[in-house]
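# Remarks on the overall topology
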Amino acid sequence: MTTVALKPATMAQALTRALRDAMAADPSVHVMGEDVGTLGGVFRVTDGLAKEFGDDRCTDTPLAEAGILGAAVGMAMYGLRPVVEMQFDAFAYPAFEQLISHVSRMRNRTRGAMPLPITIRVPYGGGIGGVEHHSDSSEAYYMATPGLHVVTPATVADAYGLLRAAISSDDPVVFLEPKRLYWSKDSWNPDEPDAVEPIGRAVVRRPGRSATLITYGPSVPVCLEAAEAARAEGWDLEVVDLRSLVPFDDETVTASVRRTGRAVVVHESTGFGGPGGEIAARVTERCFHYLEAPVLRVAGFDIPYPPPMLERHHLPGVDRILDAVGRLQWEAES
Amino acid sequence: MTVMEQRDAYRPTPPPAWQPRTDPAPLLPDARPYRVLGTEAAAKADSELLRRLYAQLVRGRRYNAQATALTKQGRLAVYPSSTGQEACQVAAALVLEERDWLFPSYRDTLAAVARGVDPVQALTLLRGDWHTGYDPYAHRVAPLCTPLATQLPHAVGLAHAARLKGDDVVALAMVGDGGTSEGDFHEAMNFAAVWQAPVVFLVQNNGFAISVPLAKQTAAPSLAHKAVGYGMPGRLVDGNDAAAVHEVLADAVAHARAGGGPTLVEAVTYRIDAHTNADDATRYRADGEVEAWRDHDPILLLERELTGRGLLDEDGIQAAREDAETLAADLRARMNQDPALDPMDLFAHVYAQPTTQLLEQETQLQAELDAEAAGPEGAVR
Ligand SMILES: Cc1ncc(C[n+]2csc(CCOP(=O)(O)OP(=O)(O)O)c2C)c(N)n1
């Protein structure tokens, strides 16, 4: 047995590696977007790809999100596997027409004749001090569109595995990259990247008995921190990382909540009309007789993403999560 | 130096990075729409091609009439007729090689049919049956597209992909005059020009976007002029002159196939019918206007040319009409059968593998269908 030398790696490096391995494995994989070529992307996720695979496979496009995604549709029709980068969350909106009117439904409207294997990488979420339009959590819009897969990694290993899975998927995948985790490091073996994760499975990041924190992407580390802090209160919190919002892993989530009897959904996106409402409803439908308290949500406020100097008040942090958990206990007692 | 001397000594020079890019002159469209029929150019036209165009125009006119009639019988939910625009429809289809791709808008059913799509399958979208009734790969016709101009970037992407793969495939994308105001039109034109993609954009300027006339749509000298700003040639053609449309498109296709990049072709035509059968055109246009265009009818123009040159006689006209009648009768007969739809198909093509949620919903619908089939007695509550 060989011992694997684990090295610290960042999520951005794992993503780059995933793109590179996918391009090397399959000549039909094409990366394109704004600044992805020579510059390597504003987050350097596509660094080196143009050099290694040429401009035709890693292409700097004109500055036009609808054009990028629309061209990707045509390329996918002709047998390519485009991986497009939307530079920032809020700049993907011009491409929504293409996304919703075509990308998500081409398979359906052609009765299976024209599947579109497109991966749409979107750096999303706040916590990096970005100016306006650089911190949106847009996952609810994607989740509300049938035909799209929506995934978001929280660890370096998942970043690699899920991106490989997304690129090899025969369906369009919106791949949400938590910006503030780009530089988070994990022990990882870049020489032997992990197995490709199947899309659609949640994972229990931390087992616990008192309550389940259901979360994903940038809020996973916050929930893990909250779970640690909760030990002082005598609470043993389970943390479920969804990884995939669509398809949704009802099985893992339901099993966890049935064990713990209590649940809090945590995400940065707004609470009203946000992903948490859907998740809370599903959990309630499936676990009603097991629940000791209503499913609570800890989300961003229902406001346009605030200026960076105020974002720490907006983003759900450890205290707000612990407050919610406290309310669960209280409601259980009364 | 005095101030005046200083001023004279300063000769404005271009900023250092500035270089002329493209000479706009060769890109500019002709001042008047190019015509072939009734001019000296007609003598050079391939008579076999003219005959084929004619037969397809007659079929197309009849198809439009039949489809419109089917809306009155409730067999079609809606039909956007291309009566008066058949020359554009037919030329677009006939100009392409088998390996090429056509990207139609919702009005371009006829172009799809002329390219070989089954006339009934071409109507499923408008019938309320499935969104796309045909396999797009069978004839290389993209699904009829209802959101305006969104199919244009697809054409660019497909043509680009084909070129990357070393295939000499050309994509021809159709759009209306109103559609040229959409952002996707701009993005597609720009991508195509930057990538030198083998694409031909055909704008059918039929005067109206539903009720809005061209003058309220754009301030450009012509829609073909829009090409120059992207660095591609713009061509203006008489859209009712099938020979001219075919020739201009053929040049553009050849140019694209040879690696010359995209062309924007504006065909000046007229929408004889209302926007769709559901629209009331009397609210926004005068009858006289329509009458003037009837004298410039695409079938009349070509018929005059062909008969004048002895390429078509009464028997030929009759034969074309009979062929069109057969098409219409077949369409009528097949459209009068109720389509067989399987409700379970609702879940079949959302994802490659249905999600657990969809499987649950499929089971639910199946139970509802079973209960329905069992009738009121069979229903267990
Ligand atoms: C994005 C979008 N906006 C609005 C509509 C509604 N609509 C359908 S047809 C039409 C007018 C289109 O006019 P034009 O592009 O000139 O094409 P024509 O119908 O004349 O062939 C409009 C506004 C649409 N289909 N798509």
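About the cut-offs
- Residues numbered from 1 in each chain as written.
- Chains lettered and ligands numbered in written order.
- Predicted model: local features only at pLDDT ≥ 70, side-chain atom pairs only at ≥ 80, totals over all residues.
- Heavy atoms only, no water.
- Axes fitted to C-alpha atoms, helices over the stretch in contact; angles between N-to-C directions.
- Helix = DSSP H or I, 4+ residues; strand = E, 2+ residues; numbered from the N terminus.
- Left-handed = near helix turned anticlockwise from the far one by under 90°.
- Contact = heavy atoms within 4.5 Å.
- Near = heavy atom within 4 Å.
- Polar contact = N/O pair within 3.5 Å; in protein donor to acceptor, adjacent residues only side chain to side chain.
- Areas by Shrake-Rupley, 256 points an atom, 1.4 Å probe, with all protein chains shown as cover.
- Nonpolar A, V, L, I, M, F, W, Y, C, P; charged D, E, K, R; others polar.
- Parallel < 35°, antiparallel > 145°, perpendicular 65-115°, else oblique.
- Expected span 1.5 Å × (residues − 1).
- Buried < 20%, exposed > 50% of the residue type's maximum accessible area, 1.4 Å probe, protein only.
- UniProt positions renumbered as here; feature names shortened; annotations may be inferred.
- Disulfide = S-S within 2.5 Å.
- Domains from an automatic or database assignment.

Going by the annotation in an unreviewed UniProt entry, the name recorded for chain B is Pyruvate dehydrogenase (Acetyl-transferring) E1 component subunit alpha, with Streptomyces yaanensis given as the source organism.

Labelled according to an unreviewed UniProt entry, chain A appears under the name 3-methyl-2-oxobutanoate dehydrogenase (2-methylpropanoyl-transferring), originating from Streptomyces yaanensis.

### So, the packing of helix H2 (residues 47-72) of chain B against helix H13 (residues 314-335) of chain B
Residues and elements named next belong to chain B. Interaxial distance between H2 and H13 falls to 9 Å at its minimum, and their mutual angle equals 35°. In this structure, H2 crosses over H13, and the sense of that crossing is right-handed. In contact with Tyr54, Val58, Arg59, Arg62, Tyr63, Gln66 and Leu70 of H2, H13 contributes Ile317, Ala320, Arg321, Asp323, Ala324, Glu325, Leu327, Ala328, Leu331, Arg332 and Met335.

### A closer look at the site of the ligand
Residue and element names in this part refer to chain B. Taken together, 15 residues lie near the ligand, and Tyr106, Arg107, Gly178, Gly179 and Phe208 sit nearest. Contacts to the ligand include Tyr106, whose side-chain N or O atom sits 2.5 Å from an oxygen atom. Contacts to the ligand include Gly178, whose backbone N or O atom sits 2.7 Å from an oxygen atom. Here the ligand, which alone exposes 580 Å², has 73% of that area covered by the protein. Looking at the shell around the ligand residue by residue, the class counts come to 6 nonpolar, 6 polar and 3 charged.

### Thoughts on the packing of helix H3 (residues 65-77) of chain A against helix H4 (residues 96-103) of chain A
All names here are of chain A. Two elements in contact, H3 and H4, have axes separated by 8 Å at closest approach and are oriented at 25°. Classed by the angle they form, the pair H3 and H4 counts as roughly parallel. Taken together, the residues of H4 that come into contact with H3 (itself represented by Ala66, Leu69, Gly70 and Val73) are Gln98, Leu99 and Val103. Partitioning the contact of H3 with H4 into residue classes produces 5 nonpolar, 2 polar and no charged.

### Quick look at helix H10 (residues 242-257) of chain B
Residues and elements named next belong to chain B. For H10, built from 16 residues, the straight-helix expectation of 22 Å at 1.5 Å per residue is met to within 8% by its first-to-last C-alpha distance of 22 Å. Looking at H10, one finds that the buried residues are Ala242, Ala243, Ala244, Val245, His246, Val248, Leu249, Ala252, Val253 and Ala256. Immediately beyond the C-terminal end of H10, within one or two residues, lies Gly259, with a positive phi of roughly 95°.

### Regarding the UniProt feature "domain: Transketolase-like pyrimidine-binding" (unreviewed entry) in chain A
Under the local residue numbering, the UniProt record ascribes the feature "domain: Transketolase-like pyrimidine-binding" (unreviewed entry) to residues 9-184 of chain A. The distance from the first to the last C-alpha atom of residues 9-184 of chain A is 8 Å, and the span holds 36% helix and 17% strand.

### Quick word on the state of the cysteines
In total, this model carries 0 disulfides over all chains according to the counting rule given. Residue Cys223 of chain A stays outside any disulfide, its sulfur separated by 18 Å from that of Cys287 of chain A, the closest cysteine.

### Thoughts on the domain arrangement of chain B
What the domain assignment reports for chain B is domain 1 (22-276 + 284-335) and domain 2 (343-378). Once you take the C-alpha centre of each, domain 1 of chain B and domain 2 of chain B turn out to be 41 Å apart.

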